[in-house]
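For reference, the chains in residue letters:
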Amino acid sequence: MGVKVYIWGTGVMAKDYLDKQEIARDDILGFIESSRTKTSFEGKKVYEPQEILGEYDYILVCVRNKGGEICHLCEQTGISKDKLILLDNWEWLDGKPLDELPPGCCRKIVENEINVRKIFPRFYESYVEEQEIRANRYITISRNGFDLREENAPMISEEFNTIEYQLDYVRYRTFELVANEIIRNEIKGSVAEVGVYRGTFAKLINIKFKDKKMYLFDTFESFNVSEFNQELKAGRVPQRLLGQFKNTSVQEVIGNMDYPDKCVIKKGLFPDTADDLDQEEYAFVSIDVDLEKSILEALRYFYPRLNHGGFIFVHDYNNRFLEGVKNAVSIYEDEQGMRLLKVPLADEGGTLVIVK
């Protein structure tokens, strides 16, 4: 090919693209991390943005949902944004769509992505084109405003005009409407999330239930390896998930919350981290831990403590790559000798809503 490139990112996405063998190894000048965590990756040196010097043709950004952050780093370090090729070609900055951004912000990046199909066709087909299709589909849905908004409980899309919100609109908006019902009916109890990751969904829970205590259960270190390997052996989880949820911290999550004083961090393996909460009751719970055993333990703990009129969201119930989720719900129903009141959502992850 002869085109000299840097690749921004050293994670699963970068490895996946390298496996396509579209670029000769000699044409890869190195890898970039916003804040370096390793000195080398795939036999090449890892740089921080301020270290990028010399001649190169493009920087392929193999990181999702970081366009705004990377644009800002390029401005600080003098990297030309005209040479960036981003995976997410419809990045929103400061809550504004691309056609409303000031000149010179990220418009050139989008133009590059459209033209790059001739230079990096596998990159384009695997990432950029997919994002264009997803963006067009989800933005159209989320801007229709097909449900009625109440004056005292408006949709808070101004807070969540983000990629995560747009791509998973059905789950987020359903939660807002469910939360309105809980508030209207004055359902007592705290709120909780098991499987917090970086706190994107927890932030919404925190905003909607600003007067309720919120418990956040997570290892903040990704999955328990033993449990993950059991699910992997059973063919109920893809190998690539193992290291995907490590880039988080308690500090980052708390920093994302609008009402951090209402948050109680419970770091470690659930349900051990709930041992001191036997008398707690709940109005809303989000369960998003992917693996059968953890989800079953969460249902065993939370459903008996969920007040009538409360809701539980079980993420990935209809996710064909995480079959242990549905198994866990079935096992719990069999244990209790009853069928839960269930409403499946047609959202990004196939969420199940449980009503009590």
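Please refer to the structure higher up on the page.
Participant: Mind laying out the sheet that holds strand β6 (residues 84-86), listing which residues take part and the relevant values?
Facilitator: Judged by pairing direction, the sheet is mixed, and its six strands sit side by side in the order β3-β4-β2-β1-β5-β6 without closing on themselves. A single partner strand is all that each edge strand has here, and the edge strands are β3 (40-41) and β6. Here strand β1 (residues 5-8) runs beside strand β2 (residues 28-32); their pairing, made up of four bridges, is parallel. Its bridge partner lying in β2, valine 5 is registered against isoleucine 28.

Participant: Quick rundown of the pattern of salt bridges? Include the residues and the values.
Facilitator: Pairing is possible between side chains that carry opposite charge, provided their charged atoms lie close to one another. Taken as a whole, this structure holds 20 salt bridges when the rule is applied. In this structure, the salt-bridge partner of glutamate 181 is arginine 184, at a minimum N-O distance of 2.3 Å. Residue glutamate 181 and its partner arginine 184 are both found in helix α6 (residues 169-184); the two are separated by three residues, about one turn of the helix. For aspartate 278, the salt bridge goes to arginine 305, with nearest N and O atoms at 3.5 Å. Residue aspartate 278 is located in the loop between β9 (263-267) and β10 (282-287), and its partner arginine 305 is located in helix α10 (residues 292-305); the two are separated by 27 residues in the primary sequence. Among the ionic contacts, a cluster of salt bridges with common partners joins Glu333, Asp334, Arg339 and Lys342.

Participant: Which residues make up unusual backbone geometry, and what are the values?
Facilitator: A cis amide bond links phenylalanine 270 to the next residue, proline 271, at an omega of 10°. Here proline 271 is to be found in the loop between β9 and β10. Positive phi values are uncommon outside glycine, yet tyrosine 197 reaches one of about 50°. The topology assignment puts tyrosine 197 in the loop between β7 (190-194) and α7 (200-208). Taking relative accessible area as the criterion, tyrosine 197 reaches 26% and is therefore assigned partly exposed.

Participant: Give me the nonpolar core: which residues, what numbers.
Facilitator: One finds Phe217, Tyr282, Ile287, Phe302, Ile312 and Val314 to be the most contacted residues of the largest nonpolar core, which totals 35 residues. Of all the secondary structure elements, the ones that give two or more residues to this core are β7, β8 (214-218), β10, α10, β11 (306-314), α11 (324-336) and β13 (352-355). Take this core: its biggest share by element is seven residues, from α10. Among all residues touching isoleucine 287, those that are not within four sequence positions of it are Val194, Ile295, Ala298, Leu299, Ile312, Phe313, Val314 and His315. Core analysis: the second largest hydrophobic core is formed by 25 residues, Val178, Ala202, Ile205 and Ala283 among them.

Definitions and cut-offs
- Residues numbered from 1 in each chain as written.
- Predicted model: local features only at pLDDT ≥ 70, side-chain atom pairs only at ≥ 80, totals over all residues.
- Heavy atoms only, no water.
- Pairing = 2+ DSSP bridges.
- Helix = DSSP H or I, 4+ residues; strand = E, 2+ residues; numbered from the N terminus.
- Salt bridge = Lys/Arg side-chain N within 4 Å of Asp/Glu carboxyl O.
- Buried < 20%, exposed > 50% of the residue type's maximum accessible area, 1.4 Å probe, protein only.
- Core = buried A, V, L, I, M, F, W, Y, C linked by side-chain atoms within 4.5 Å.
- Contact = heavy atoms within 4.5 Å.

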